[in-house]
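Listed below are the residues making up each chain.
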Amino acid sequence: MATFVKPENALKRAEELVNVGQKQAALQALHDLITSKRYKAWQKTLERIMFKYVELCVDMRKGRFAKDGLIQYRITCQQVNVSSLEEVIKYFMQLSTEKAEQARTQAQALEDALDVEDLEVDKRPEDLMLSYVSGEKGKDRSDRELVTPWFKFLWETYRTVLEILRNNSKLESLYAMTAHRAFQFCKQYKRTTEFRRLCEIIRNHLANLNKYKDQRDRPDLTAPESLQLYLDTRIEQLKIATDLELWQEAFRSVEDIHGLMNLVKKSPKTPLMVVYYAKLTDVFWVSHSHLYHAYAWFKLFTLQKSYNKNLSQKDLQLIASSVLLAALSVTPYDQKHGASHLELENEKERNLRMASLINFTLDPKGESREMLSRSSLLSELSNKGVMTCVSQEVKDIYNILEHEFFPLDLASRVQPLLAKIAKLGGKPSSASSVPEVQLSKYVPALEKLTTLRVLQQVSRVYQSITIGTLSKMIPFFDFSLVEKLSVDAVKYNFVSMKVDHLKGAVLFGNVNIESDVLTDHLSVLADSLNKARNLIYPAVKKQSKLGEKHGLAETVDKEHKRLLARKSIIEKRKEEHERQMLEMEREEESKRLKLQKVTEEAEQKRLAEEYTRRQEQRIRREIEERELQEAQALLFETQKGAKKKGKKPLLDGEKVTKQTLIELALSEQLKERQELEKKLQKLAKTMDYMERAKREEEAQLIEQAFQQRLVEERIFHEREQLKAIELSRQHHAGDLQEKKRLARMLDSKVIFQQRIVNCRETEYNRLKKEKEDKINQLMALRKHERETKRKMLFYLKSEEERLTRLREEEEARKREEEERRKKEEAERKAKLDAIAERQRQREREAEEKERLRREALLRRPTETLSRSIDPASGPHAADPVPVAAAAAALTSGKYVPRFRRERNDGQMAASPEPDRWGRQDDLAPQSGDRWRNDERRPSYGGSRTSSTSSSSWSSSRPRG
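Conventions and cut-offs
- Residues numbered from 1 in each chain as written.
- Predicted model: local features only at pLDDT ≥ 70, side-chain atom pairs only at ≥ 80, totals over all residues.
- Heavy atoms only, no water.
- UniProt positions renumbered as here; feature names shortened; annotations may be inferred.
- Helix = DSSP H or I, 4+ residues; strand = E, 2+ residues; numbered from the N terminus.
- Buried < 20%, exposed > 50% of the residue type's maximum accessible area, 1.4 Å probe, protein only.
- Areas by Shrake-Rupley, 256 points an atom, 1.4 Å probe, with all protein chains shown as cover.
- Salt bridge = Lys/Arg side-chain N within 4 Å of Asp/Glu carboxyl O.
- Contact = heavy atoms within 4.5 Å.
- Pairing = 2+ DSSP bridges.
- Axes fitted to C-alpha atoms, helices over the stretch in contact; angles between N-to-C directions.
- Expected span 1.5 Å × (residues − 1).
- Phe/Tyr/Trp six-rings, centres within 6.5 Å; stacked < 30°, edge-to-face > 60°.
- Lys NZ or Arg CZ within 6 Å of the ring centre and 35° of its normal.
- Patch = residues over 30% accessible without salt bridge, like charges linked within 9 Å, V, L, I, M, F, W, Y side chains within 5 Å.
- Parallel < 35°, antiparallel > 145°, perpendicular 65-115°, else oblique.
- Left-handed = near helix turned anticlockwise from the far one by under 90°.
- Nonpolar A, V, L, I, M, F, W, Y, C, P; charged D, E, K, R; others polar.

- Per an unreviewed UniProt entry, the protein goes by the name Eukaryotic translation initiation factor 3 subunit A and belongs to Musa acuminata subsp. malaccensis.
- Check the Sequence similarities (unreviewed entry) section of the UniProt entry for the protein; it says "Belongs to the eIF-3 subunit A family."

**Re the overall build of the protein**
Thought 1: Looking only at helices and strands, one finds 31 helices and five strands in the protein.
Thought 2: The buried share of the protein, taken over its 960 residues, is 29%.
Thought 3: When the accessible surface of the protein is split by element, carbon and sulfur atoms take 54% of a total near 65300 Å².

**Quick notes on the pattern of salt bridges**
Thought 1: Evaluated as defined, the whole model comprises 42 salt bridges.
Thought 2: Notably, a salt bridge pairs Glu 589 with Arg 592, separated by 2.4 Å at the nearest N-O pair. Placement of both Glu 589 and Arg 592 in helix H24 (residues 552–644) is noted, with a separation of three residues, approximately one turn of the helix.
Thought 3: In this structure, a network of salt bridges that share partners links the residues Glu 200, Arg 203, Glu 249, Arg 252 and Asp 256.

**Structural notes on the side chain of Ser 321**
Thought 1: Inspection of the secondary structure puts Ser 321 in helix H14 (residues 313–328).
Thought 2: Not counting chain neighbours up to four residues away, the residues in contact with Ser 321 comprise Val 390, Ser 391, Val 394 and Leu 439.

**A closer look at unusual backbone geometry**
Thought 1: Its identity as a non-glycine residue notwithstanding, Lys 190 has a phi of 55 degrees, on the positive side.
Thought 2: The residue Lys 190 is located in the loop between helix H8 (172–188) and helix H9 (192–211) in this model.
Thought 3: For Lys 190, a relative accessible area of 57% puts it in the exposed group.
Thought 4: The backbone of His 288 shows a phi angle near 60 degrees, a positive value even though the residue is not glycine.
Thought 5: Tracing the sequence through the fold places His 288 in the loop between helix H12 (270–286) and helix H13 (290–307).
Thought 6: Take His 288: its relative accessible area is 64%, and that puts it in the exposed class.

**Some words on the sheet that holds strand S3 (residues 464–466)**
Within a sheet, each strand pairs with its neighbour through backbone hydrogen bonds, oriented either parallel or antiparallel.
Thought 1: Reading across from one edge, S3-S5-S4 is the order of the three strands in this open sheet, with antiparallel pairing throughout. At either end of the open sheet lies a strand with only one pairing partner, and these are S3 and strand S4 (497–500). On average, each strand axis in the sheet is tilted by 20 degrees relative to the strand beside it, whichever way the strands run.
Thought 2: Pairing analysis gives three bridges linking S3 to strand S5 (residues 505–508), with the strands arranged antiparallel.

**Some points on H13**
Thought 1: With 18 residues, H13 extends 26 Å between its outermost C-alpha atoms, agreeing within 8% with the 26 Å of an ideal straight helix rising 1.5 Å per residue.
Thought 2: Across the 18 residues of H13, 14 count as buried, placing the element largely inside the fold.

**Points about the UniProt feature "coiled-coil region" (unreviewed entry) in the protein**
Thought 1: What UniProt calls "coiled-coil region" (unreviewed entry) maps, in this numbering, to residues 93–120, 560–634 and 666–700.
Thought 2: Helix makes up 100% of residues 666–700 and strand makes up 0%, while its end C-alpha atoms are separated by 53 Å.

**Some details on the packing of aromatic side chains**
Thought 1: Tallying each qualifying case throughout the model produces 13 aromatic pairs.
Thought 2: Residues Tyr 158 and Phe 185 carry aromatic rings whose centres are separated by 5.9 Å and whose planes lie at 55 degrees to one another, so their mutual orientation is tilted. Of this pair, Tyr 158 sits in helix H7 (residues 138–165) while Phe 185 sits in helix H8, and the two are 27 residues apart along the sequence. Each of the two residues, Tyr 158 as well as Phe 185, counts as buried.
Thought 3: A network of ring pairs unites the aromatic residues Phe 151, Tyr 158, Phe 185 and Tyr 189 as a single cluster.
Thought 4: The cationic tip of Arg 61 hangs over the ring face of Trp 150; the distance from NZ or CZ to the ring centre is 4.9 Å.
Thought 5: Its end group placed over the ring of Trp 285, Lys 441 keeps NZ or CZ at 5.2 Å from the ring centre.

**Here's the deal with the pairing of S4**
Thought 1: One ladder, built from four bridges, connects S4 with S5; its direction is antiparallel. By the bridge assignment for S5, Asp 500 is matched with Ala 505.
Thought 2: Here S4 folds back onto S5 in antiparallel fashion, the turn holding four residues, of which Gly 504 has a positive phi close to 70 degrees.

**Let's talk about a nonpolar patch on the surface**
Thought 1: Together, Met 792, Leu 793, Tyr 795 and Leu 796 make up an exposed nonpolar region whose accessible area comes to about 430 Å².
Thought 2: Examined against the element boundaries, Tyr 795 turns out to sit in helix H26 (residues 746–868).

**Some thoughts on the packing of helix H1 (residues 7–19) against helix H2 (residues 23–35)**
Thought 1: Orientation of H1 relative to H2, taken along the N-to-C sense of each, is 165 degrees, at an axis distance of 7 Å. Relative to H2, H1 is oriented roughly antiparallel. Regarding H1 and H2, the two cross each other, and that crossing is left-handed. Contacts between H1 and H2 pair Pro 7, Ala 10, Leu 11, Ala 14, Leu 17 and Val 18 from the former with Lys 23, Ala 25, Ala 26, Leu 30 and Leu 33 from the latter.
Thought 2: Split by residue class, the contact of H1 with H2 holds 10 nonpolar, no polar and one charged.

This is the structure:
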């Protein structure tokens, strides 16, 4: 290890070694100086040494040396001049970047260079052999040999700088700049693995910053400047992650940003939040979380509308359309149907987590599905005015899919609108932070939604339909894809259907689960057998006894009420049992979580205590080792001084302490200093006597030398003066002769000069006249151009005023037509409401007549039984006339208003398509009629019985 009295000497020595080609020795010399404990005070020379040191480290790609030197230099100038450390680090990164770019350029040049000797030969034999053996191309080998080492060193440089600058409040801006440059390095060269490591490094730095809050130079995250720097870094990290399509890292970056916002309890600036939500939409869309994607778009729309004053109407319409289409892309059924309690709890926690990321407040104890759901989002969009900003095509498709009922031609209505929507999109010009909006990406999701709506609406109209007809109604997909979509729809109870490939038909209807069928199948069988027995063998006495006590209608009502009460009791017991089971599961889960939490806390506490104890032992051991080293060094110095002076040195075995050694060293130093002062005083006195004696002897000799020098100078001056006079006379005589010789040419010189002057004056006048003519022509031309431009501006202004006036007249005419159309629509709606009210009145009257008729039919068997007691009358067969009349009344068609009959007639006359209610040859018309008639039939059975069982009693009773 070399030692230098001054740091400048080390710098000079390093430059000398570099000049002779010994860079390793120069680097080692500077490293020894920087890591030495002798130079702990900062000075300007150390900064120049650090510049040279990092330059050597970059040239030799010594990343470990650079890190050690920068750490030592940070300790030196942390409290004195931290800007010097900043300059050194910037210079270090600049050199590393330049070297990497230089290597990349060199590799490209080698690839593009023409390095073949024979132009007729494609490749040299050695190149072919090398490519066959190594399996690499020329560019791959050049990158591996030239570019890759420098890229590794540049990446190591970024990691080193981030490690040095972490948790330093005075260099936060440099830390943020380094992180941004590292992000750009990963983006430029597609370094996904390094990007993941970089994100993890920055994440660990922030975790350590929050963990160790007692550090001296720790940054304060509550300060606005520090928070802004950290948020800018995380936002840049999120941008690069989405550009590199690292969606998992992007989501973790989103969580980091949200954690920072929760840590300081402050809302960031609006531009940062716009970028945050814009990238969040991309992350949720790629992860197929369409619900959260729609909520993120809604927050982005709210921010742009509230804070962006320069937002144009076109951009606002585009963003609002994206919000509505994203909401429509969410599946219309609840995917938590039939899920277990644990899955519901996990989904609830996930909803709370995602809602916090999107900045929606949810009640942890409430039902999160009521908060984050498709229906609540659509209602929120209507309340917040999003519907008023969307384009007409998007509004039409929303009304068709959510509010209209077109089971037969729903897909044909939606398909042209989807074609128009696919062409919309673009980059918002007045919202720079919003990414490019492409509405075409929502088309597949809207096609799936249209398919589900068609299945849902067809299931309400038909009980069965052929596969071919259903395929024609859904032109988007093949029937195999439709069948796949229907599987999930049936699974989550969105639609009830069954595909019968043997018959080539799709069956719709309520499909009860097996447990529900098993609960009442015996009672249904008993009722059916009892009704059959009563039809075959009428129980006369029992019927008369019943007729004496109560009416048959009252008995049936009581039995029906008893069955309903029994069913409600069974359902309540089942619900109570399920609730108890859920409570037991919840209690067990809570106990398990509490026990797990207690165990984890105890383990964390034990690990923290163990870590603290180890840290204390390590610090105590380091202090003892350092004191022992210092004592040994003092002991060695004391023994060396004692040996030089012939004194008895202290032995290693003697009991000496650090304090004793320090006192002994100080006393020895004091004695040496006193002896040295005495020697210097004696030497100064001797030198004084010697100097005085010398000056006394020199005085006479100096006077003699001075007089001799005066005489020599006077003689030299006289001689030089005579030489100068003689030389001047000779020059004067020569000049007179030259004047006489040149006097003969004076007249010729004057004539030549006059001729040249005249020629130049003529040329000047000609050029001046040409310039003036050119200027006049240019002025005339510009005057003509100004006149033409003035006329053109006047014409354009007049044309613009005329177009504006025509546009205003057209808008006024459109407003008048819109008002007239609204007025006609209101009048038509009032007429339709009046017709509907009359129709409901007729239906109520028909139901009342039906009820009276049924009561009459119920009273008639009693009278028949009373007549059968008369001995004169014998047993007669039941009269089938009332039954036929009742069947004809029950199967009567539903009343259709006149305006609906006229509309259906018009549609049938306009196109050969089947009518709206699907009365086609390939469908089941009896099922359709039964669907209409079942709406007005009173149900005497349970809520789970079908329409056939609800009217079975009236059709199977004994005839009177």
